[in-house]
Amino acid sequence: MSVVYIISRQTKAIIFSNSTYYRSIILEGTKRKESIQYPEKILDHSCLMYGSTLEGRKKAAQNILKTNVKLPIAVIPDLGVYMIPTSSHKNNDRAYLSYFHIKDYKRVKNKTLIIFQDETEYLAETSINSFDMQYKKTSQLIVHFHREVIDRNYTNHFIEPYIKANSLRNYQRDTQK
């Protein structure tokens, strides 16, 4: 039995490889690794390591996003590892890109150039409009999974100054008596 790669926070991309032996190219930091496992096998195994299955993550995304097409995968939601599919899992040009590693993306002819945070690049076989939609779907999924944290920070940001001001006024009032 071969060892299956485990996705981590350092994983930037998992790209389908049509070679005779390797089935995936993995971009991790400045390294390029190859695996005999298909990208979906790597995704499923990684999801299992972090408490779900690929199918379970897809069903959750489908329920949240109200679609079943090219669903983003919340591999490790607690650590912010979300993978964006560039195309259908049946497409030989497919890749899964880590949301938080993406710094920018832009059109290059009929493809999309992905610029990662470390300034490395990947040319995805997808239109800019399609990738932009995928990026936004993933953003929606992230907001859903982290709404409690966002709400808590939003509430604290706006209410704390009010509470502090009232506490200071009450303190000043009480000490002047």
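In case you missed it, the structure is sitting above this.
Note that the structure is predicted; figures quoted are calculated from it, not measured.

J.: Where do I start with the sheet that holds strand E5 (residues 81-85) in this structure?
T.: Two strands in a sheet stick together by hydrogen bonds in their backbones, pointing the same way (parallel) or opposite ways (antiparallel). The strand order across the open sheet built from 6 strands is E3-E2-E1-E6-E5-E4, with neighbouring strands paired in antiparallel fashion. The open sheet has two edge strands with one neighbour each: strand E3 (31-35) and strand E4 (73-76). Within this sheet the neighbouring strands show an average axis-to-axis angle of 25°, counted without direction. Strand direction decides the pairing type here: strand E1 (residues 11-16) and strand E6 (residues 95-98), joined by 3 bridges, are antiparallel. In the strand pairing of E6, alanine 13 is matched with leucine 97. Packing of helix H1 (residues 39-49) onto the sheet brings it into contact with E1, strand E2 (24-28), E3, E4, E5 and E6, and relative to E4 it is tilted by some 50°.

J.: I tried to follow the nonpolar core on my own but got confused; where do I start?
T.: Side chains that are nonpolar tend, in soluble globular proteins, to be buried together. Counting residues in each nonpolar core, the largest one holds 24 residues, and the members touching the most others are Leu97, Ile102, Ile114, Phe116, Tyr122 and Phe131. Among the elements that line this core, the one with the most residues is helix H3 (residues 128-145), at 5 residues. Ignoring any residue separated from it by four or fewer positions in sequence, one finds isoleucine 114 in contact with Leu97, Ile102, Asp104, Tyr105, Thr120, Glu121, Tyr122, Ala124 and Phe131. Leu43, Ile76, Val81 and Met83 belong to the second largest nonpolar core, which has 15 residues in total.

Conventions we followed
- Residues numbered from 1 in each chain as written.
- Predicted model: local features only at pLDDT ≥ 70, side-chain atom pairs only at ≥ 80, totals over all residues.
- Heavy atoms only, no water.
- Pairing = 2+ DSSP bridges.
- Helix = DSSP H or I, 4+ residues; strand = E, 2+ residues; numbered from the N terminus.
- Axes fitted to C-alpha atoms, helices over the stretch in contact; angles between N-to-C directions.
- Contact = heavy atoms within 4.5 Å.
- Core = buried A, V, L, I, M, F, W, Y, C linked by side-chain atoms within 4.5 Å.
- Buried < 20%, exposed > 50% of the residue type's maximum accessible area, 1.4 Å probe, protein only.

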